[in-house]
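Structural overview for review
These are the residues of each chain, in order.
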Amino acid sequence: MYNDDELQSMMPRMSIEYRIEAGFLNNGTFDNIPENAFGAHIVTSFPIVGADGKFRNFRTSYDLFVGKVFEVKELLEQINNQTENNNTMFVTDGISEEMIKEYQEAGIQNVVSTKNGVAPLRYGDVAFATQEEMAAAITKINQTFKSVDILVQNAETPRIHR
C-alpha cells in the first residue's frame, strides 16, 4: 500500500514555461498565455514501472516556437553556392555558417529563427508562424490533457480462497 504522498507523486502532471525574453523561461499556466511569448517549454510526467518492479516518474518535454523554420541542409547549400567564403558570414536572421555546421554535426535537421535568435528543432518540437497559432496549440494541448480524469489510488482486491 502506498501512502497519500506517494500516490500524489504518481499523478500525471504537465507544466509550461514561456519564452518572453531571450535566454529565459518564465513559469506560467496553460490558461494565461502571455501575448508577447515567442515560445514555450512543456514538461509532462507520469508514473511507469521500471525493470526493478518499482514505480518511478517518467518525464518528457518539448518546445514550441514562433518563427520561421529553415532546413539545415538547405542553409548549407546556400552558403556553398555563395561566392564569398567567409565562415563568420550570417546567412539569415543571425544564423552563422559555423552554427549551421554544429547543428548538422549534432543531427539537427531544422532550425527555427525567432525574434530573439535561432534554436534547433528537436524531436517533438514545433514551430508556428504566429503567436496566435502557438496559443491555439497550447489551449488544445491543455484541453486534451484535461479530457481524461486519472484517478491514482491503491488497488484493494480482496481475495477469497476456498
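The structure reproduced in this document is the subject of the present report.

What counts and what doesn't
Residue positions are given per chain, counted from 1 along the sequence in the order it is written. A pLDDT threshold of at least 70 governs which residues receive local features in this predicted model, and a stricter bar of 80 or more applies before side-chain atom pairs are shown or counted, although totals over entire chains, interfaces and linings include all residues. Water and hydrogen atoms play no part in the side-chain values, which are based on all heavy atoms of the structure. Under this scheme, a helix contributes an axis fitted over its contacting stretch, all axes are lines through C-alpha atoms, and angles between N-to-C directions fall in the 0 to 180 degree range. Elements are defined by DSSP. Helices are runs of H or I of four residues or more, strands are runs of E of two residues or more, and each kind is numbered from the N terminus. Our angle categories are set so that under 35 degrees counts as roughly parallel, over 145 as roughly antiparallel, 65 to 115 as roughly perpendicular, and the remainder as oblique. Two helices cross in a left-handed way if the nearer one is turned anticlockwise from the farther one by less than a right angle. They cross in a right-handed way if the turn is clockwise. In this analysis, two residues are considered to be in contact whenever any of their non-hydrogen atoms come within 4.5 Å of each other. For this classification, Asp, Glu, Lys and Arg are treated as charged, while Ala, Val, Leu, Ile, Met, Phe, Trp, Tyr, Cys and Pro are nonpolar and the rest, including Gly, are polar. Whether two strands pair comes down to DSSP finding at least two bridges between them. A side-chain nitrogen of Lys or Arg and a carboxyl oxygen of Asp or Glu constitute a salt bridge if their distance falls within 4 Å. Only protein chains enter the accessibility calculation, which uses a 1.4 Å probe; a residue is then buried when its area is under 20% of its type maximum, exposed when over 50%, and partly exposed in between.

**What about the packing of helix α2 (residues 72-81) against helix α3 (residues 97-105)?**
The interhelical angle for the contact between α2 and α3, taken along N-to-C directions, is 140°, at an axis separation of 10 Å. As judged from the angle between their axes, α2 and α3 are oblique. For the crossing formed where α2 meets α3, the hand is left-handed. Contact residues: α2 offers Val72, Leu75, Leu76 and Ile79, while α3 offers Glu97, Ile100, Lys101, Tyr103 and Gln104. A class-by-class count of the residues in the contact of α2 with α3 yields six nonpolar, one polar and two charged.

**Overview of the sheet that holds strand β8 (residues 110-114)**
Taking strand neighbours across the sheet as the criterion, the three strands line up as β5-β8-β9 in an open arrangement whose pairing is antiparallel. Edge positions in the sheet fall to β5 (68-71) and β9 (117-121), since each of these pairs with one other strand and no more. Averaged over all pairs of adjacent strands, the angle between strand axes in this sheet comes to 30°, irrespective of strand direction. Bridge count between β8 and β9: five bridges; the pairing is antiparallel.

**Brief notes about the pattern of salt bridges**
Within the structure shown, the criterion is met by two salt bridges. Measuring nitrogen to oxygen at the nearest pair gives 3.1 Å for the salt bridge that ties Asp63 to Arg19. Separated by 44 residues along the polypeptide, Asp63 in strand β4 (residues 55-66) and Arg19 in strand β1 (residues 13-19) bring together distant segments of the chain. On the basis of relative accessibility, which here comes to 14%, the residue Asp63 falls in the buried class. Under the relative-accessibility criterion, Arg19 is labelled buried at 18%. A salt bridge links Glu97 to Lys101, with the shortest nitrogen-to-oxygen separation between them at 3.0 Å. Pair noted here: Glu97 and Lys101 are both in helix α3, with a separation of four residues, about one helical turn.

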